[in-house]
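Single-letter residue listing:
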Amino acid sequence: MSADPTQVLAFETDCHIFDGCGFPAPGLHSFLFKPLWGDADSNVYFNKTMLLALLGSIIIVGFFWAAFRKPKVVPGKLQMVAETGYDFIRRGVVYETIGKKEGEKYVPLVVSLFFFIWMMNLWSIIPIAQFPVTSIISYPLVLALIVYILWVSLTFKRHGFVGFFKNVTGYDKSLGAVLPLAMVIEFFSNLLVRPFTHAVRLFANMFAGHTLLLLFTIASWYLLNGIGIAYAGVSFIMTIVMTAFELFIQALQAYVFVLLTCTYIQGALAEHH
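Model, not experiment: these values are computed from the prediction. (Residues numbered from 1 in each chain as written. Predicted model: local features only at pLDDT ≥ 70, side-chain atom pairs only at ≥ 80, totals over all residues. Heavy atoms only, no water.)

1. Overview of the packing of helix α2 (residues 77-97) against helix α7 (residues 228-269)
With their axes 8 Å apart at the nearest point, α2 and α7 run at an angle of 35° to one another. Seen along the crossing, α2 lies across α7 with a hand that is right-handed. For the pair α2 and α7, the contacting residues are Phe88, Gly92, Val93, Val94 and Thr97 in the first and Tyr255, Val258, Leu259, Cys262, Thr263 and Gln266 in the second. (Axes fitted to C-alpha atoms, helices over the stretch in contact; angles between N-to-C directions. Helix = DSSP H or I, 4+ residues; strand = E, 2+ residues; numbered from the N terminus. Left-handed = near helix turned anticlockwise from the far one by under 90°. Contact = heavy atoms within 4.5 Å.)

Right, here's the structure in full:
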């Protein structure tokens, strides 16, 4: 196989079934990329995922800037699309979860998170890019940490130290004898498990989705030989089906991430827990 094992894609190998070579199955190596600039050994480098994250950020900022730089009372097509997306997150997520009065100040953050995550996910099905940035754990982890720091700071600011302690431990005298055990479980769940699960939920779904897309794409090419052509057709159909399914999952995961973000903010601001 002539392809670099860290950059395997279906069109980069001449290996087919019945040619005496094994199936180039996707794996962890499919998520590793050589530096485009710098040295990986020194941990100072710039690779494909970083490039996609940068380009995605520029696309999102450019889109909203172009849509709202000269807003009109009767919006054009671009402004209408941008307003629809913005209003969906503002009303359907922020207002519904936090409330209009408390939630208005968090709308810019939540909208930014949603469209950034969605764009990072969409790279998976865009030709040439073909890789979801959020399938690299560091990106969802940083986003989850931003939300975590916001949640902790808001809880301290709103309730003070004692209120914060009660909030994160689920303090409730009505629990009686099981209260100490419940407080320990809630403490570790909120302070340690919460940011981890918030990040992993997004990462795991995009990692698994990209692996499946790679599997069917590579299989379509690998089976394209002799009688295997019939199976290649089936695999190609599955590639199309999985791509359509990924479109849904990509938007859903961005939505779930910001919905949980709003839930955490609401919990920090709530007077009674």
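Here the narrative resumes, following the displayed structure.
2. Points about the environment of glycine 226
With respect to the secondary-structure elements, glycine 226 resides in the loop between α6 (179-222) and α7. Linking glycine 226 and glutamine 250, residues 24 residues apart in sequence, is a C-alpha distance of 36 Å.

3. Remarks on the packing of aromatic side chains
Aromatic ring pairs are defined here through the distance separating the ring centres and the angle between the ring planes. A full pass over the atoms with the stated rule returns 17 aromatic pairs. Between phenylalanine 64 and phenylalanine 115 the ring centres are 5.1 Å apart and the planes differ by 75°, which places this aromatic pair in the edge-to-face class. Taken together, the positions of phenylalanine 64 in helix α1 (residues 48-68) and phenylalanine 115 in helix α4 (residues 107-122) put the pair 51 residues apart, joining distant regions of the chain. The burial state of phenylalanine 64 is the same as that of phenylalanine 115; both residues are buried. Residues phenylalanine 203 and phenylalanine 207 carry aromatic rings whose centres are separated by 5.6 Å and whose planes lie at 50° to one another, so their mutual orientation is tilted. One end of the pair, phenylalanine 203, and the other, phenylalanine 207, are both in helix α6, four residues apart, so they sit about a helical turn from each other. Taking relative accessible area as the criterion, phenylalanine 207 reaches 23% and is therefore assigned partly exposed. Members of the aromatic cluster, joined through ring pairs, are Phe63, Phe64, Phe68, Phe114, Phe115 and Trp118. Of note, arginine 194 hangs over the ring of tryptophan 151, and the distance from its end group to the ring centre comes to 4.5 Å. (Phe/Tyr/Trp six-rings, centres within 6.5 Å; stacked < 30°, edge-to-face > 60°. Buried < 20%, exposed > 50% of the residue type's maximum accessible area, 1.4 Å probe, protein only. Lys NZ or Arg CZ within 6 Å of the ring centre and 35° of its normal.)

4. Focus on a nonpolar patch on the surface
There is a patch of nonpolar side chains on the surface, built from Leu36, Trp37, Val44, Leu51, Leu54, Leu55, Ile58 and Ile59 and spanning about 760 Å² of accessible area. Here leucine 51 is to be found in helix α1. Overall, leucine 51 belongs to the partly exposed group, its relative accessible area being 32%. (Patch = residues over 30% accessible without salt bridge, like charges linked within 9 Å, V, L, I, M, F, W, Y side chains within 5 Å. Areas by Shrake-Rupley, 256 points an atom, 1.4 Å probe, with all protein chains shown as cover. Salt bridge = Lys/Arg side-chain N within 4 Å of Asp/Glu carboxyl O.)

5. Points about helix α5 (residues 138-169)
Owing to its 3.6 residues per turn, the α-helix aligns residues three or four sequence positions apart on the same side. Helix length check: α5, at 32 residues, gives a terminal C-alpha distance of 28 Å against a target of 46 Å (1.5 Å per residue), a shortfall beyond 12%. Along α5, the largest kink reaches about 120° and is centred on glycine 160. Two residues or fewer past α5, glycine 170 is found with a positive phi of approximately 60°. (Expected span 1.5 Å × (residues − 1). Bend = angle between axes of the 7 residues up to and from the residue.)

6. Remarks on unusual backbone geometry
Notably, isoleucine 128 is not glycine yet its phi reads approximately 75°, a positive angle. Within the fold, isoleucine 128 resides in the loop between α4 and α5. A positive phi angle, near 45°, is found at glutamine 130, a position not held by glycine. If you trace the backbone, glutamine 130 turns up in the loop between α4 and α5.

7. Structural notes on the side chain of asparagine 167
Mapped onto the elements of the fold, asparagine 167 is located in helix α5. Polar side-chain contacts of asparagine 167 include one of 3.2 Å to the backbone oxygen of glycine 267. (Polar contact = N/O pair within 3.5 Å; in protein donor to acceptor, adjacent residues only side chain to side chain.)

8. Re the environment of lysine 77
For lysine 77, the location among the structural elements is in helix α2. Taking C-alpha positions, lysine 77 is 21 Å from phenylalanine 114, a pair spaced 37 residues apart along the chain.

9. Describing α1
For α1, with 21 residues, the first-to-last C-alpha span of 30 Å sits near the 30 Å given by 1.5 Å per residue. Of the positions making up α1, those classed as buried are Lys48, Thr49, Leu52, Ala53, Gly56, Ile60, Phe64 and Ala67. Viewed end-on, α1 has its buried residues packed into an arc of 140°, placing them on one side of the element. Along α1, the residues that are exposed and aim more than 90 degrees away from the buried face are Ile58, Val61 and Trp65. Where α1 is buried, its residues meet α2, α4 and α5. (Arc of directions from axis to C-beta.)

10. Side note on the packing of α4 against α7
At a minimum axis separation of 9 Å, α4 and α7 run at an interaxial angle of 155°. Classified by the angle between their axes, α4 and α7 sit roughly antiparallel to one another. Crossing of α4 against α7: the hand is right-handed. Contacts between α4 and α7 involve Val110, Leu113, Phe114, Ile117, Trp118, Asn121 and Leu122 on the former and, on the latter, Leu247, Gln250, Ala251, Gln253, Ala254, Tyr255, Phe257, Val258, Thr261 and Cys262. Class assignment for the residues of the contact of α4 with α7 results in 13 nonpolar, four polar and no charged. (Parallel < 35°, antiparallel > 145°, perpendicular 65-115°, else oblique. Nonpolar A, V, L, I, M, F, W, Y, C, P; charged D, E, K, R; others polar.)

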